[in-house]
Amino acid sequence: MGNIKFVKENQEVIAADGANLRLKAMQNGIDIYKFIGKMTNCGGNGQCGTCIVEIVEGIENLSPRTDVEKRKFQKKPDNYRLACQTLVNGPVSVITKP
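The text that follows walks through the structure, step by step, so that each part is easy to find. The structure displayed is predicted, hence computed values, not measured ones. (Residues numbered from 1 in each chain as written. Predicted model: local features only at pLDDT ≥ 70, side-chain atom pairs only at ≥ 80, totals over all residues. Heavy atoms only, no water.)

**A word on the pairing of strand β1 (residues 2-6)**
Burial along β1 is one-sided: the residues G2, I4 and F6 are buried and none of N3 and K5 is. Counted between consecutive antiparallel strands, the loop separating β1 from strand β2 (residues 11-15) contains 4 residues, among which N10 sits at a positive phi close to 50 degrees. Across 3 bridges, the pairing between β1 and strand β7 (residues 92-96) is parallel. In the strand pairing of β7, F6 is matched with V94. (Buried < 20%, exposed > 50% of the residue type's maximum accessible area, 1.4 Å probe, protein only. Helix = DSSP H or I, 4+ residues; strand = E, 2+ residues; numbered from the N terminus. Pairing = 2+ DSSP bridges.)

**Regarding the pattern of salt bridges**
Side chains that carry opposite charge are capable of pairing whenever their charged atoms lie near each other. Counted under the stated rule, the structure contains 2 salt bridges. With a closest N to O distance of 3.6 Å, K97 and D31 form a salt bridge. With K97 in the segment after β7 and D31 in the loop between α1 (21-27) and α2 (35-40), this pair connects stretches of sequence that are 66 residues apart. Given a relative accessible area of 28%, K97 falls into the partly exposed group. A relative accessible area of 29% means that D31 is categorised as partly exposed. (Salt bridge = Lys/Arg side-chain N within 4 Å of Asp/Glu carboxyl O.)

Written as structure tokens, this is what we have:
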């Protein structure tokens, strides 16, 4: 189990190993989408790229980047992830809407 700390929201949630970051955020009322993403998100399929988060601590406790993320983030820092493609396996700190 690991805690997910949402830095901007000053909120911490508990997640079982293998929990999906996007789903845990949504279940706990954390808004991960910028304005346009609220209307155009793909519902967690990794296709739209609107659920971008920045990992500030605990990146080693996340699943590896998927092929989708590798394509979408070629010019982004390694700590940028799609929340819908990220599985949590330990404590992590996240910045939403970087």
